[in-house]
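Chain by chain, the residues run as shown.
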Amino acid sequence: MRDSQRPVLHDDPSGAPSESPAGGPSEGPSDVRPEGRSDAPGDARPAGPRTPSRRALLGAGAAVAGSGLLAACGTSDTGSGPDVKAGLYGSHPSRRPHPSPSAHGSHGLHGSAGSPPPHGSHKDHDGHGSHGAHGSHDSHGTHGSHGGGGSGGRPPRGYVTPDGPEVAECERERGTGPVRHFTLTAAATRIELGGGRTVRTWAYGDELPGKEIRVTAGERIALTLHNHLPQSTTVHWHGLHVRNDMDGVPDLTQRAIRPGGSSVYRFMVNEPGTHWLHPHVGVQLDRGLYAPLIVDDPREPLSYDREWVVLIDDWIDGIDGRTPDAVLAGFLKRAGRHGGGMGHMGGMGTHMNMDMGDDGKGGGGTANRHGHDGHGHDGHGHGRGHGRGDHGHGGGHGHGSARRLFGGRRRLWGDPGSVDHPLHLINGRTARHPHTFRARPGDRIRIRIINAGGDTSYRVALGGHRMTVTHTDGYPVRHAKTDALLLGVGERYDVLVTAEDGVFPLTALAEGKRNRSALAVLRTGHGSAPGPSDRPAELRGRLMTADQLKAAASVRLSSRRPDRVIDMTLTGNMARYNWAINGRPYSPYQRYPVRSGERVRMVFRNHTRMWHPMHLHGHHFALPHGGPRKDTTIVLPGRRLAVDFYADNPGLWMVHCHNIYHSESGMMTVLGYRS
């Protein structure tokens, strides 16, 4: 069957599958032909192991993320690029929002783990799952988990398992390389945030952020995690295409590492880029458990003198006795849902086999089954911001009615976040005692910016400078100049700047959060340091968002119809705190099926009043019309966004909102490869 005649399978969770004729869009991305791989359609195998040779650079050393040394398994070049006509982060929705079902009961069953642990290196796991899928109670308050699987649930059959032969074969096809050994210890500790101010928190070692992990594409990581926390934990490798059993999702890809236990993560790394690591258990991410993960490109195409890795974070842990667990518990208590997040959520999707099926049955969502848009903006219900009553206790704050956030002439609607973090940090330092980066006038500096926050989107600018965007989420883009960048939770951007002479603020303004900000300083000469209230003019200049960027030719997807369409309507509200996908809170037994080699389109529709930074594990998707390759992107209220990716990494993979309070309340689901 020719591509123009290929039917498209729609996995609409509200009913049976439908087929639509494949009439291709007028524009879209082009074939992915990264350097070092065959140009033949469908050839997604790596060209074979290389001997890494680092490029000599001045200052901070070798660079990452440029030429696209990508590995994939079982890819066939079929389908089409996104055909949605997008505004900022998506087009207007096709229909009125539907209210989400609230949680049916406040105490889920305390069942066994959602899936068996992978074979191999993991040991000392807490497979009993007695307090929810991703953790257990402790003296520090409730923390919940990503899973609500009760004792009556069981994984659906017919899917690739994380430790299955398909996963092992895919890892074999990635090749072999030198092994780099690392050790992380997750422990309770005291961290100094600047000026002698210390907080009690959890961190990797005694550093915030954790010590940078840096490898070169073509090398293997062997990292041992020792868990000295009072809770179970894992490590997730945000942005990496790891083998599925190393992805770090408790009771889906592994059993959580219990207190006192340890685990070894081993996998091949073929994608250069700016990435990071963090736990995937409860709200541990909103403590101090995160670190940069930089993968250098042995064929680095960029030329620069110095490198600056910048991690931005919103901070509440240990301030006046507060913890992220208490924040989440407060939201749930106000909503009448007692317990610790997903581990105690009852109701739909928590006690049953949740195979959405190739026939689309079992979902109960509200999405348009054909994935087409209607006309105009949905100006009612979930299409606009919150009223005051939507915010409340547990660290939330009232923002009043719908917010318009201005970026130059652009208006960003809705509520970016709901937790009033009292501090915002860059590289573990407060704005009153900022981290300082030193360079010389005229130096060309590569800045790798990572939003490691739990609930906050940031507008970032470097005073006195324009930035040239070169990468987002590790993938190269056509270079574009801007004054400021918008980063959702989990997003990363690489930029180049040429340093002026003097002292300049790098400011990260928390979107919609009472003018709060984080600060770092670039110093190339004499002058007084900027203060915490300084706001560089560039914050009011041109604002760059991901939808304005275009993928570099080496990584651009082809303009083709997808083989499968999966509709994901984002539902919930602050009053009920019932965040979900297609109206169903997360269960580790959920499956939206895909098959290896398919071109898959996910269609997000945001029927809430909040921003949702949606993240896909183990893959990168393409934004519409030749847009950048990403693993995380903001879906604004009332908007529809269609993204395409190739199913080239078999296993069970999470799709979730990276606002940790939304995901822990249910806005997560699972893509499962059919075996």
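A brief structural summary. (Residues numbered from 1 in each chain as written. Predicted model: local features only at pLDDT ≥ 70, side-chain atom pairs only at ≥ 80, totals over all residues. Heavy atoms only, no water.)

## A closer look at the sheet that holds strand S8 (residues 262-269)
Thinking step 1. Taken together, 4 strands build an open sheet; the order of strands is S4-S3-S6-S8 and the sheet is mixed. The open sheet has two edge strands with one neighbour each: strand S4 (197-204) and S8. Ignoring which end each strand starts from, the neighbouring axes of this sheet average 30° apart.
Thinking step 2. Pairing geometry for strand S3 (residues 179-194) and strand S6 (residues 219-228), over 9 bridges, is parallel. Pairing of Phe-182 across the sheet is with Leu-223, part of S6. (Pairing = 2+ DSSP bridges. Helix = DSSP H or I, 4+ residues; strand = E, 2+ residues; numbered from the N terminus. Axes fitted to C-alpha atoms, helices over the stretch in contact; angles between N-to-C directions.)

## Quick notes on helix H2 (residues 324-334)
Thinking step 1. Within the sequence span of H2, burial applies to Pro-324, Asp-325, Val-327, Leu-328, Gly-330, Phe-331 and Leu-332.
Thinking step 2. Gly-336 lies just past H2 and shows a positive phi near 80°. (Buried < 20%, exposed > 50% of the residue type's maximum accessible area, 1.4 Å probe, protein only.)

## Examining unusual backbone geometry
Thinking step 1. Following Leu-208, the chain continues to Pro-209 via a peptide bond in cis, the omega torsion being -5°.
Thinking step 2. Within the secondary structure layout, Pro-209 lies in the loop between S4 and strand S5 (213-216).
Thinking step 3. Not every positive phi belongs to a glycine, and Asp-251 is a case in point at roughly 65°.
Thinking step 4. Position of Asp-251 among the secondary structure elements: in the loop between strand S7 (236-238) and S8.
Thinking step 5. For Asp-251, a relative accessible area of 3% puts it in the buried group.

## Remarks on the environment of Pro-585
Thinking step 1. Looking at where Pro-585 falls in the secondary structure, it is placed in the loop between strand S27 (580-581) and strand S28 (590-594).
Thinking step 2. You can call Pro-585 buried: its relative accessible area is 10%.

## Some points on the environment of His-620
Thinking step 1. Tracing the sequence through the fold places His-620 in the loop between strand S30 (612-616) and strand S31 (621-622).
Thinking step 2. The buried category is assigned to His-620, whose relative accessible area is 2%.
Thinking step 3. For the pair His-620 and Asp-473, spaced 147 residues apart in the sequence, the C-alpha separation amounts to 8.6 Å.
Thinking step 4. Ignoring any residue separated from it by four or fewer positions in sequence, one finds His-620 in contact with Gly-239, His-241, Asp-473, Tyr-475, Arg-629, Lys-630, Asp-631, Asp-644 and Phe-645.
Thinking step 5. A distance of 3.0 Å separates a polar side-chain atom of His-620 from the backbone oxygen of Asp-473.
Thinking step 6. In terms of polar contacts, His-620 uses its side chain to reach the side chain of Asp-631, at 3.1 Å. (Contact = heavy atoms within 4.5 Å. Polar contact = N/O pair within 3.5 Å; in protein donor to acceptor, adjacent residues only side chain to side chain.)

## Points about the environment of Ile-221
Thinking step 1. Mapped onto the fold, Ile-221 is located in strand S6.
Thinking step 2. Between the C-alpha atoms of Ile-221 and Gly-177, which are 44 residues apart in sequence, the distance is 9.5 Å.
Thinking step 3. For Ile-221, the contacting residues outside a window of four places in its chain are Arg-180, Phe-182, Val-215, Tyr-265, Arg-266, Phe-267, Val-269 and Leu-293.

By themselves, these figures tell us nothing about what the structure is for.
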